[in-house]
Amino acid sequence: MTVARAVRAVLALSLLGALPAHAQNDQAAAADGLRLYTTLCQACHMPDGAGAGPYPKLRDNPTVRRAGPAYVAQWVLFGYGAMIPFCNLLTVDEVVDIANWLPSHLGNTTAAPPVDPEAIRAQWPSPASCP
Amino acid sequence: MKQPTVAGMTRRRLVAAFGAALGSGLATQALSAGLVSDFQPPDFDRLDRAPRVVILGAGIAGLVSAFELGRAGFDCVIIEARERVGGRSWTVRGGDRFTEIGGASQTCGFDPGHYLNPGPWRIPYHHRGMLHYARRLGVAVQPLIQNNFAAYVRHGDTSRPLAGRNLPQRMLVADYFGRTAEMLASCIDRGMLDDVLDPPLKAAVLAGLRASGCLDGDYAYRGNVYRGWDVPPGGAGQPPVPSVPFSLRDLFASNLVSWLPEIFDGQHQPTLFEPVGGMDRMPTGFVASPEFKARLRLGREVAEIRQDDNGVRIVHRDAATGGTEVETGDYCLCTIPASVLYRIPADFPADIRTALAGIPYGAASKVGLQFARRFWEEDEAIYGGITYMDGSLRGIAYPSHGFLGAKGVLQAEYDLDTRAALEYSALSPADRVQRALNVANRIHLQALDSFENGFSVAWHRVPYTHGCYGLWSADSRARLMPVLTRPAGRVHFAGEHLSYLPAWQEGALLSGLEATAAIYQRGRLGQ
Ligand SMILES: Cc1cc2nc3c(=O)[nH]c(=O)nc-3n(C[C@H](O)[C@H](O)[C@H](O)COP(=O)(O)OP(=O)(O)OC[C@H]3O[C@@H](n4cnc5c(N)ncnc54)[C@H](O)[C@@H]3O)c2cc1C
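Residues numbered from 1 in each chain as written. Chains lettered and ligands numbered in written order. Predicted model: local features only at pLDDT ≥ 70, side-chain atom pairs only at ≥ 80, totals over all residues. Heavy atoms only, no water.

## Some remarks on the overall build of chain B
Moving on, step 1. Helix and strand counts for chain B stand at 17 helices and 26 strands.
Moving on, step 2. With the C-alpha coordinates of chain B rotated into their principal frame, the extents come out at 80 × 60 × 40 Å.
Moving on, step 3. Each of the 527 residues in chain B was classed as buried or not, and the buried ones make up 54%.
Moving on, step 4. Taking as baseline every contact in chain B between residues at least 6 positions apart, the subset at least 24 positions apart corresponds to 70%.
Moving on, step 5. Within the structure as shown, chain B displays about 22100 Å² of accessible surface, and the carbon and sulfur contribution to it stands at 54%.
Moving on, step 6. Separation between the mean location of the 54 positive side-chain charges and that of the 53 negative ones in chain B comes to 3 Å. (Helix = DSSP H or I, 4+ residues; strand = E, 2+ residues; numbered from the N terminus. Buried < 20%, exposed > 50% of the residue type's maximum accessible area, 1.4 Å probe, protein only. Contact = heavy atoms within 4.5 Å. Areas by Shrake-Rupley, 256 points an atom, 1.4 Å probe, with all protein chains shown as cover. Lys, Arg positive; Asp, Glu negative; His and termini not counted. Charge placed at Lys NZ, Arg CZ, Asp CG, Glu CD.)

Below is the structure:
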């Protein structure tokens, strides 16, 4: 399934109009999480979070499950080694969406709390340290 | 020390020549604004002893260093993980097979004589180091046409003017100069800038704007000959009809003028070159040279980098079977990309480990599409150059070789916009080819019909590279680069990422030569 088709399928299936506002937002955020994963993170972490070579598996990832969205947000904002930081590539809302999405998708479940835009904004690296 | 030379003249003589002609104030300015790399051909005296150097990686940085250290009498061995030399300097031809990280394999289906350079593909005239070695190694080069006013610019945003049209770059350039000159000249003519322009300057500026913008007697811009014709000049029966320029509003509201820096960029100005037959002629040229004395160990992955007071110990393993061996030497030159190196066990101090893990690599992806017919030449008179566009794929490069031939390979150009390039990299090789073909077909409706096969490389999926080039932030360059330009004991570092010409072979070459000079000094002094 192509990325675009996957995203369209998710959007088409959702009963957006019939749901209360907060559920609509959750669904839109989840769709964004999936879209960001398949269009960006997948370049390295592979379809379905399978991982390969230097890129760790994100499916059923014990650290992601335990440490949850705040942990994912750290990686996405700052990167490390062969993982690029996304501080110049994503918006605050996009970082929130992917950070909250990963720990409860790709075979992960988490008891850790979600991150919110204020927390992400507060951690954002300075422009001079963002490649 | 020898005087640095610029085009055969010493710098001092050149300054004198400029100074005489232009006045000394301008002389220094003309030099500092130059594009020419600070390359100087190394000229080491041959040592009597033969210190041993283990070079890690056979990319441009490793090869140039092996070449020069060998000439100076050093005993060099290169440990290279791939089965070929060149690293990122790589050419893919028909029959070549490539398996990317994740396991997807492709076999290239190009016809003989056609190729894709998935990485480096052009050498600007001012990359003096690369051209020095091409000359010296006898690697034939040919012009690479990057700027072609017949190629198009194009955008797809229907909320803006001129969307969805192939606009020859000559129109954009002519109208940009014409419309801005017209606007400025009419303001000046009406006295709106009289407070900053004294009468002689005002006259000179008006005359200059009229000439550069091709304005008429009323300072109006009505197009010009280099913009192109609606009806081209023909025989006596076909008088030419000039084309009508875009309005000021369409030109600027379309935002197409944002492509101008791409066209005029210093790295893109003519003349550019490419090795005849593919970029890998440079690395294979080094190895084929009778002056190249290093021993080459291909297909060997560096597994550990160790050292003590007496020397270095490099553990390496067979990339296929895993069998390990050890190579020892007095010094090590490590040109492995930081994106790979930071995970290799080594007894580096903490600041070096931190620095190596602090250089992420930019994304890039390229697709080569082979067509049965060179329709861009036959139908549209585009010979080389790049069509620029917005969207997921920002350029299509037309080949600068094989003109008027039967077939051709278009390079669906990589994108240095990291996000767009990652989106390409996230696709399977087959989907990348399909997507590039769809985009090519939007510009050239003949593309689908004559498409034969394609090949794609996404650099984050390339083993032993893990990305396109070292991506510095202002902060990391200031903090981390100095850490890595000093040796860690007996281990010196080099590569594209340790230069101010990132993502260029010249950067790898200059960095390799810096490290070479440092190792030469140590070897000479026996330190
Ligand atoms: C898409 C793209 C476009 C580019 N365009 C241009 C261009 O037009 N012109 C230009 O001049 N430059 C261009 N460049 C940049 C150019 O390719 C690089 O700057 C240059 O080739 C880097 O040389 P290097 O020796 O530093 O590294 P590399 O070429 O990466 O060499 C490093 C070597 O180390 C080896 N290695 C890695 N890990 C190990 C290990 N564990 N053990 C042993 N060996 C190992 C690798 O296999 C490789 O051979 C481009 C690059 C890319 C990716």
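## What about the sheet that holds strand 15 (residues 272-275) of chain B?
All names here are of chain B.
Moving on, step 1. The strand order across the open sheet formed by three strands is 9-15-10, and the pairing between neighbours is antiparallel. Whereas interior strands pair on both sides, the edge strands pair on one side only; in this sheet they are strand 9 (123-124) and strand 10 (141-144).
Moving on, step 2. Judged from the two bridges that link them, strand 9 and strand 15 form a sheet pairing that is antiparallel. Each residue of the ladder has a partner; that of Pro-124, found in strand 15, is Leu-272. (Pairing = 2+ DSSP bridges.)

## Thoughts on the site of the ligand
All names here are of chain B.
Moving on, step 1. Of all residues adjacent to the ligand, which total 37 residues, the nearest are Glu-80, Arg-82, Arg-88, Arg-122 and Val-302.
Moving on, step 2. Side-chain polar atom of Arg-82 to an oxygen atom of the ligand: 2.8 Å apart, as the coordinates give it.
Moving on, step 3. Separating an oxygen atom of the ligand from a backbone N or O atom of Gly-87 is a distance of 3.4 Å.
Moving on, step 4. Look at the ligand: alone it shows 1000 Å² of surface, and the protein chains cover 99% of it.
Moving on, step 5. Elements represented by at least two residues in the shell around the ligand include exactly helix 3 (60-71), strand 17 (300-308) and helix 17 (505-525). (Near = heavy atom within 4 Å. Polar contact = N/O pair within 3.5 Å; in protein donor to acceptor, adjacent residues only side chain to side chain.)

## Focus on the packing of aromatic side chains
Residue and element names in this part refer to chain B.
Moving on, step 1. The tally for this structure, following the rule as stated, stands at 22 aromatic pairs over all chains.
Moving on, step 2. Measuring from centroid to centroid gives 6.0 Å for Phe-371 and Phe-451, while their planes differ by 70°, and the two rings are edge-to-face. Separated by 80 residues along the polypeptide, Phe-371 in strand 21 (residues 365-371) and Phe-451 in strand 25 (residues 451-458) bring together distant segments of the chain.
Moving on, step 3. The ring of Phe-246 carries the charged tip of Arg-227 above its face, separated from the ring centre by 4.8 Å.
Moving on, step 4. When the ring centre of Tyr-424 is taken as reference, the NZ or CZ atom of Arg-435 above it lies at 4.9 Å. (Phe/Tyr/Trp six-rings, centres within 6.5 Å; stacked < 30°, edge-to-face > 60°. Lys NZ or Arg CZ within 6 Å of the ring centre and 35° of its normal.)

## Some details on the confidence of the model for chain A
The predicted coordinates of low-pLDDT regions are not to be read in fine detail.
Moving on, step 1. Confidence in the prediction of chain A, expressed as mean pLDDT, is 86, and 82% of residues score 70 or more.
Moving on, step 2. Note on residues 1-18 of chain A: pLDDT is under 50 here. Beyond four places in sequence and across chains, it has 13 contacts. (pLDDT = per-residue confidence, 0-100.)

## Re the domain arrangement of chain B
Moving on, step 1. Here the domain parsing of chain B yields domain 1 (11-33 + 171-268), domain 2 (52-86 + 293-357 + 473-525) and domain 3 (92-119 + 362-461).
Moving on, step 2. Here the C-alpha centroids of domain 1 of chain B and domain 2 of chain B sit 48 Å apart. (Domains from an automatic or database assignment.)

## Examining unusual backbone geometry
Negative phi values dominate among residues other than glycine, just as trans dominates among peptide bonds.
Residues and elements named next belong to chain B.
Moving on, step 1. Residue Thr-271 is reached from Pro-270 by a cis peptide bond, and omega for that bond is 5°.
Moving on, step 2. By secondary structure assignment, the location of Thr-271 is in the loop between helix 8 (260-264) and strand 15.
Moving on, step 3. Although it is not a glycine, Ala-503 adopts a positive phi angle of roughly 65°.
Moving on, step 4. Turning to its location among the elements, Ala-503 is positioned in the loop between strand 26 (491-493) and helix 17.

## Some words on helix 5 (residues 169-189) of chain B
All names here are of chain B.
Moving on, step 1. Look at helix 5: 30 Å from first C-alpha to last across 21 residues, which is about the 30 Å you get at 1.5 Å a residue.
Moving on, step 2. Within the sequence span of helix 5, burial applies to Gln-169, Met-171, Leu-172, Val-173, Ala-174, Asp-175, Gly-178, Arg-179, Ala-181, Glu-182, Ala-185 and Ile-188.
Moving on, step 3. The secondary structure elements touched by the buried residues of helix 5 are strand 11 (152-154), strand 12 (167-168), helix 6 (199-213), helix 7 (248-253), helix 8 and strand 22 (386-389). (Expected span 1.5 Å × (residues − 1).)

## Topic: the state of the cysteines
Covalently bonding the sulfur atom of one cysteine to the sulfur atom of another cysteine gives a disulfide.
Moving on, step 1. Scanning the model with the defined rule gives one disulfide over all chains in all.
Moving on, step 2. The disulfide partner of Cys-87 of chain A is Cys-130 of chain A, and the S-S distance across this bridge is 1.9 Å. Linking Cys-87 of chain A in the loop between helix 3 (62-78) and helix 4 (92-101) with Cys-130 of chain A in the segment after helix 5 (117-123), this pair joins segments that are 43 residues apart in sequence. Side by side, Cys-87 of chain A and Cys-130 of chain A carry an identical accessibility label, which is buried.
Moving on, step 3. In this structure Cys-334 of chain B is not part of a disulfide, and its nearest cysteine sulfur, from Cys-332 of chain B, lies 5.6 Å away. (Disulfide = S-S within 2.5 Å.)

## A look at the side chain of Gln-446 of chain B
Residue and element names in this part refer to chain B.
Moving on, step 1. Residue position: Gln-446 is located in the loop between helix 14 (429-443) and helix 15 (447-450).
Moving on, step 2. For Gln-446, a relative accessible area of 19% puts it in the buried group.
Moving on, step 3. Once residues within four sequence positions are removed from consideration, Gln-446 is found in contact with Arg-373, Phe-375, Asp-379, Glu-380 and Asn-441.

## Overview of empty space enclosed by the protein
Residue and element names in this part refer to chain B.
Moving on, step 1. For the coordinates displayed, the defined rule picks out three cavities of 30 Å³ or more.
Moving on, step 2. Estimates place the volume of the largest cavity at around 190 Å³.
Moving on, step 3. Lining the largest cavity are 16 residues; nearest its centre among them are Trp-121, Glu-274, Pro-399, His-401 and Gln-411.
Moving on, step 4. Listing elements by their share of the lining of the largest cavity, those giving two or more residues are strand 8 (115-116) and strand 24 (408-412).
Moving on, step 5. Of all the elements, strand 24 adds the most residues to the lining of the largest cavity, at three residues. (1 Å grid on protein atoms, 1.4 Å probe; cavity = no way out; pocket = protein on both sides within 12 Å on 5 of 7 lines; lining within 4 Å. Points joined across faces, edges and corners; volume = space filled by probe spheres on them.)

## Overview of the interface of chain B and chain A
Moving on, step 1. Counting residues at the interface gives 24 residues for chain B and 29 residues for chain A.
Moving on, step 2. Together chain B and chain A conceal approximately 2100 Å² of surface at their shared face, both sides included; 65% is due to carbon and sulfur atoms.
Moving on, step 3. Run the count over chain B and chain A and you get one salt bridge.
Moving on, step 4. Counting across the chain B and chain A interface gives twelve residue pairs in polar contact (both at pLDDT 80 or more).
Moving on, step 5. Elements supplying a minimum of two residues to the side of chain B that touches chain A: helix 13 (418-425) and helix 16 (474-484) of chain B.
Moving on, step 6. Top element by residues in the side of chain B that touches chain A is helix 13 of chain B. It accounts for five residues. (Buried area = accessible area lost by both parts, 1.4 Å probe. Salt bridge = Lys/Arg side-chain N within 4 Å of Asp/Glu carboxyl O.)

## Re the packing of helix 13 of chain B against helix 14 of chain B
Residues and elements named next belong to chain B.
Moving on, step 1. Their axes nearest at 9 Å, the elements helix 13 and helix 14 cross at an angle of 125°. As summarised for this structure, helix 13 and helix 14 are arranged oblique, according to the angle between their axes. Listed contacts from helix 14 to Glu-423, Tyr-424 and Ser-425 of helix 13 are Arg-432, Arg-435, Ala-436 and Val-439.
Moving on, step 2. Considered class by class, the residues forming the contact of helix 13 with helix 14 number three nonpolar, one polar and three charged. (Axes fitted to C-alpha atoms, helices over the stretch in contact; angles between N-to-C directions. Parallel < 35°, antiparallel > 145°, perpendicular 65-115°, else oblique. Nonpolar A, V, L, I, M, F, W, Y, C, P; charged D, E, K, R; others polar.)

## Brief notes about the packing of helix 3 of chain B against helix 9 (residues 281-288) of chain B
Residues and elements named next belong to chain B.
Moving on, step 1. At a minimum axis distance of 10 Å, the contact between helix 3 and helix 9 shows a crossing angle of 25°. Classified by the interaxial angle, the pair formed by helix 3 and helix 9 is roughly parallel. In this structure, helix 3 meets helix 9 at a crossing whose hand is left-handed. Mapping the contact onto sequence places Ile-60, Leu-63, Val-64 and Phe-67 in helix 3 and Met-282, Pro-283, Phe-286 and Val-287 in helix 9.
Moving on, step 2. Of the residues in the contact of helix 3 with helix 9, the class split is eight nonpolar, no polar and no charged. (Left-handed = near helix turned anticlockwise from the far one by under 90°.)

## Things to note about the confidence of the model for chain B
Moving on, step 1. For chain B, the mean per-residue pLDDT works out to 92, and 93% of the residues sit at or above 70.
Moving on, step 2. Taken over the whole predicted complex, pTM reads 0.91, whereas the ipTM for its chain interfaces reads 0.89.

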